[in-house]
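# Results of the structural survey
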Amino acid sequence: MTTMKISVLGAGAWGTALAIQATHAGHDVKLWGRDAAAIGQMRASRRNAAYLPDSELPAPLALTADRGQAIAHAAEGLTVIATPMSGLRETLAALPPTHRTLWLCKGFEAGSGRLGHEIARELQLGRRVGVLSGPSFAQEVAAGRPTALVAASEDASLAQVAVDAFHGERLRVYTSTDPIGVEVGGAVKNVLAIAVGVCDGLSNVAPDAPGLNARAALITRGLAEMLRLGLALGAKAETFMGLSGLGDLVLTATGDLSRNRRVGLMLAEGLAVPDILKRLGHVAEGVYSAPTVLARAREAGVEMPITEAMVALLEGRLRAGQAVDHLMGREARPE
C-alpha cells in the first residue's frame, strides 16, 4: 500500500472517525478543527471528548488548528471536507483548484438550495471533486465496526483515490459516477428520517396510532419521493437502490443513533423545534434541509407530500398527529 497524505477539514464526529480509520490504514493524516483550545485538548487527551469520547485517537494522527497547514499537507494527496453543509462553500473556496477533494456533508445549502456538486461547479473547481456518503454512524466507523460507503465523482480516478484511502477489512468503499444521485439521497433521507421518527413516537399514544405498518409505508413512499426528485435533477435511478439511497434512508430512519430520527421522536412528544435542537446539542441537517428540499421539488415540478408535511410540522403549521392524518387522508392513486 502506498502511503497517502490526507487532510480532514472538520473535527466533528464524522471527520474524526474517518481520520481515525485512515490513520489505522497507514496513511499520513492531519485533522483540522477551527477551535484551537479544543484541538489542544484533543492533542493532550487523545480523545475528541465533545463528539467521540469513547474512541482513542491513534498516536500518528496529527491535529492542527491551522487550516492553511492542513490544506498544504494534502496538496498531492486527498482533502476531505467534514464541515456541516453550511461550511462547504467557504471551505471549497479556500482550496486550490488542483486539490483532489471529497466532502462528507449531506444536504442542500441554505439560501441557494445548491447541492455540493452544484456549489463546486459555481466555484469552477473542475472535475477533481466528489462526495463520500452512505449509511454510516460516526461512532461505529470510529470503533471499526463494518461499514460500507460510496465515493461518487464525475472523475472516476478520484473515486478510486477514495478507495485507496479508506477501503479495508472493516470499511468498504464502492465507487459511483453519479454524484447527483448520491447527494440527493444523502439530503432527502434526513427529512424522511424525521417523518419516521414522528411515526414511531406516536406509536404508543393510542390504539389506532401509527405503528410498524405506517413506518414501512413512510420509508417506501419516502424512497419514491427521493427517486422522483433525483431523476428531475439528473440522477440515475439505480443510485437510489444502493448505499446512498435505500441504505442510508433505512439506517437514518430506524437507527437509534440518528439525530434526525430523534428530532421526529421529540416532535411527536409535542416539543418545539428550538427546544429539540437545544437538547440535541449537534446539527440535525434534516431540520435545515426540509424547506430547501421542498423548494427544489416545487421548482422541478416534483410532488413530495411527506416532505411537505414535515416542513409544515417543523414550521408549527401542523401538529405531529395532524401531519400523519394529512398523509393518510390523501386520495388513492396508482403506486
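Whatever comes next refers back to the structure up there.
Now for a description of the structure that goes with this document. Owing to the predicted nature of the structure, the values given are computational and were not obtained by experimental measurement. (Residues numbered from 1 in each chain as written. Predicted model: local features only at pLDDT ≥ 70, side-chain atom pairs only at ≥ 80, totals over all residues. Heavy atoms only, no water.)

### Section: the packing of aromatic side chains
Inspection of every chain in the model, using the stated rule, returns zero aromatic pairs. Over the aromatic face of Trp32 sits the side chain of Arg67, whose NZ or CZ is 5.9 Å from the ring centroid. (Phe/Tyr/Trp six-rings, centres within 6.5 Å; stacked < 30°, edge-to-face > 60°. Lys NZ or Arg CZ within 6 Å of the ring centre and 35° of its normal.)

### Things to note about the packing of helix α11 (residues 259-268) against helix α12 (residues 273-280)
Two elements in contact, α11 and α12, have axes separated by 10 Å at closest approach and are oriented at 135°. As far as their axial angle goes, α12 and α11 are oblique. Of the two elements, α11 crosses α12, and the hand of that crossing is right-handed. Of the residues in α12, those in contact with Arg259, Arg262, Val263, Met266 and Leu267 of α11 are Val273, Ile276, Arg279 and Leu280. In terms of residue class, the contact of α11 with α12 is built from six nonpolar, no polar and three charged. (Axes fitted to C-alpha atoms, helices over the stretch in contact; angles between N-to-C directions. Helix = DSSP H or I, 4+ residues; strand = E, 2+ residues; numbered from the N terminus. Parallel < 35°, antiparallel > 145°, perpendicular 65-115°, else oblique. Left-handed = near helix turned anticlockwise from the far one by under 90°. Contact = heavy atoms within 4.5 Å. Nonpolar A, V, L, I, M, F, W, Y, C, P; charged D, E, K, R; others polar.)

### What to know about the environment of Leu251
Residue position: Leu251 is located in helix α10 (residues 243-254). A relative accessible area of 22% places Leu251 in the partly exposed class. Placed ten residues apart in sequence, Leu251 and Arg261 show a C-alpha to C-alpha distance of 9.8 Å. When residues no more than four places from it in sequence are discounted, the contact partners of Leu251 are Pro135, Ser136 and Phe137. (Buried < 20%, exposed > 50% of the residue type's maximum accessible area, 1.4 Å probe, protein only.)

### Focus: the side chain of Glu225
With respect to the secondary-structure elements, Glu225 resides in helix α9 (residues 212-232). The buried charged residue Glu225 lacks any salt bridge, with Arg228 as its nearest oppositely charged partner at 4.6 Å. Setting aside anything within four residues of it in sequence, one finds Glu225 in contact with Leu192, Glu303, Met304, Pro305, Ile306 and Thr307. (Lys, Arg positive; Asp, Glu negative; His and termini not counted. Salt bridge = Lys/Arg side-chain N within 4 Å of Asp/Glu carboxyl O.)

### Some details on the nonpolar core
Counting 49 residues, the largest nonpolar core has Leu267 and Met310 as its most contacted members. Breaking this core down by element, the ones donating at least two residues are α8 (179-202), α9, α10, α11, α12, α13 (285-300), α14 (305-314) and α15 (320-328). In terms of residues, this core owes the most to one element, α8, which gives 13 residues. If we skip the residues at most four places from it in the chain, Leu267 touches Ile194, Val198, Val273, Ile276, Leu313, Leu314 and Ala320. Of all hydrophobic cores here, the second largest spans 39 residues; its members include Ala13, Ala22, Leu52 and Ala151. (Core = buried A, V, L, I, M, F, W, Y, C linked by side-chain atoms within 4.5 Å.)

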